[in-house]
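The residues making up each chain are set out below.
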Amino acid sequence: MNFRTLDLNLLRVFDQVMAEQNLTRAAERLAMTQPAVSNALRRLREALGDELVTRTAFGVKPTPKAEALWPEVRAALDRLREAIEPRSFDPRTQEATFRLAMADATAATLLPALVQAIESTQALTNVRVLPLTTRDPRPWLERGEADFAVGYFPQAVAALEAEGGQATIHHQRLYDGHYVCVMRKGHPLAEGPLTLDRFCEAHHLLVSFSGRAHGFVDEALAALGRTRRVVLTVNQFFTAGRVVTGSDLLTVLPYEFLPATGFEDELAIQPIPLALQGVHVEVLWHQRNDRHPAHVWMRERIVAAGQAHQRRRTAQS
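Please read all numbers here as calculations on a predicted model, not as lab measurements.

**Student:** How should I be thinking about the packing of helix H2 (residues 23-30) against helix H3 (residues 34-48) in this particular structure?
**Tutor:** When two helices pack together, their arrangement is given by the angle between the helix axes and by the axis-to-axis distance. The interhelical angle for the contact between H2 and H3, taken along N-to-C directions, is 100°, at an axis separation of 8 Å. Classed by the angle they form, the pair H2 and H3 counts as roughly perpendicular. Within the contact between the two elements, H2 uses Leu23, Thr24, Ala27 and Leu30 and H3 uses Gln34, Val37, Ser38 and Leu41. Residues belonging to the contact of H2 with H3 are distributed by class as follows: five nonpolar, three polar and no charged.

**Student:** How should helix H10 (residues 237-245) be read in this particular structure?
**Tutor:** Count 3.6 residues to each turn of an α-helix, and residues three or four apart come out pointing the same way. Phe237, Ala240, Gly241, Val244 and Thr245 are the residues of H10 that are buried. Around the axis of H10, the buried residues are gathered within 120° of arc, so they sit on the same side.

**Student:** Where do I start with the sheet that holds strand S8 (residues 203-207) in this structure?
**Tutor:** Neighbouring strands of a sheet are bound in pairs by backbone hydrogen bonds; such pairs are parallel or else antiparallel. Taken together, five strands build an open sheet; the order of strands is S9-S8-S10-S7-S11 and the sheet is mixed. The strands lining the two open edges of the sheet, one partner per strand, are strand S9 (229-234) and strand S11 (267-270). The mean inter-strand angle of the sheet, taken between neighbouring strand axes irrespective of direction, is 35°. Across five bridges, the pairing between S8 and S9 is parallel. The residue bridging histidine 204 from the neighbouring strand is valine 230, located in S9. Across the face of the sheet, H10 comes into contact with strand S7 (179-184), S8, S9, strand S10 (250-254) and S11 while running at roughly 165° to S8.

**Student:** I would appreciate a short explanation of the side chain of asparagine 22 in the present structure.
**Tutor:** Mapped onto the secondary structure, asparagine 22 falls in the loop between helix H1 (9-20) and H2. Among the residues examined, asparagine 22 registers a relative accessible area of 15% and is labelled buried. Here the side chain of asparagine 22 touches threonine 24 through a polar contact of 3.0 Å, landing on its backbone nitrogen. Of the polar contacts made by the side chain of asparagine 22, one reaches the backbone nitrogen of arginine 25; its length is 3.0 Å.

**Student:** Is there a simple way to think about the sheet that holds strand S3 (residues 96-102) in this case?
**Tutor:** If you walk across this open sheet you meet the five strands as S4-S3-S5-S12-S6, and the pairing is mixed. Bordering the open sheet on either side are strand S4 (125-131) and strand S6 (169-177), each of which pairs with just one other strand. Between one strand axis and the next, the sheet turns by 20° as a mean value, whatever way the strands run. As paired strands, S3 and S4 are joined by seven bridges and run parallel to one another. Looking across to S4, one finds that alanine 101 is bridged to leucine 130. Sheet contacts for helix H7 (residues 154-163): S6 and strand S12 (279-286); angle to S6, the most-contacted strand, approximately 130°.

What counts, and at which threshold
- Residues numbered from 1 in each chain as written.
- Predicted model: local features only at pLDDT ≥ 70, side-chain atom pairs only at ≥ 80, totals over all residues.
- Heavy atoms only, no water.
- Axes fitted to C-alpha atoms, helices over the stretch in contact; angles between N-to-C directions.
- Helix = DSSP H or I, 4+ residues; strand = E, 2+ residues; numbered from the N terminus.
- Parallel < 35°, antiparallel > 145°, perpendicular 65-115°, else oblique.
- Contact = heavy atoms within 4.5 Å.
- Nonpolar A, V, L, I, M, F, W, Y, C, P; charged D, E, K, R; others polar.
- Buried < 20%, exposed > 50% of the residue type's maximum accessible area, 1.4 Å probe, protein only.
- Arc of directions from axis to C-beta.
- Pairing = 2+ DSSP bridges.
- Polar contact = N/O pair within 3.5 Å; in protein donor to acceptor, adjacent residues only side chain to side chain.

Structure below.
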């Protein structure tokens, strides 16, 4: 490749294709036709001597060379864009809409503060909450189906940290918490120590976004050679609170989410008789939005809402 003859406009196309991993969405972002984007990619392939992307059922998949090249291209384009057109965001005069993927309890925890921030600044900002149906929202962010994902994603975050600087999804801790065993007030197990035997002998309710009747508690029990019976699986914390208050089922919930069930005053809590990792609620976003002023503004509001929640729960405990 001769850099002096390289059409640098092709790098803008490459950047958008890598960001969207879909030719149609990249064309929309670039205000180009899809054939024009395909033609630009063909020319860049010829210049670089690499396929760069291969087609999949959901869009395109980058080659290793494309993955290695993109961070450098994105950084260079960002620096050039900032030099030519410094960007800013005024939430009072510029309209913006954000899609946040989160569970009902996370939404109930953070949205009041987010709405207050929007209303108090008279921001022209709209929020769309998407129901969270997975513990790994990275594909949603990669495909641009959500702007942020907020929740407890231990495996996804561990994978991102292992990728280090090569990760295309970034994350920030919002608040920490811990799990408790939850039951109705007056439950036979609400008084006295909750032993592992009594825990395993009870009937349980599991909150599962995927619908699988096997969660991290079951994995921890399996490591001890123990099991439990999960009578009911639901995908909302509110539903879990409602069912538990009217039955003898036990459930395991983050302590910080109890207010979001709507039934905190009717619930009793006990320490869980086995070792579980803490709850680390994070906000995830795609690196394409790292320095986008509107996204930065919303990210700051999300982080502030998480920190305010942490302070409240710490003061209450």
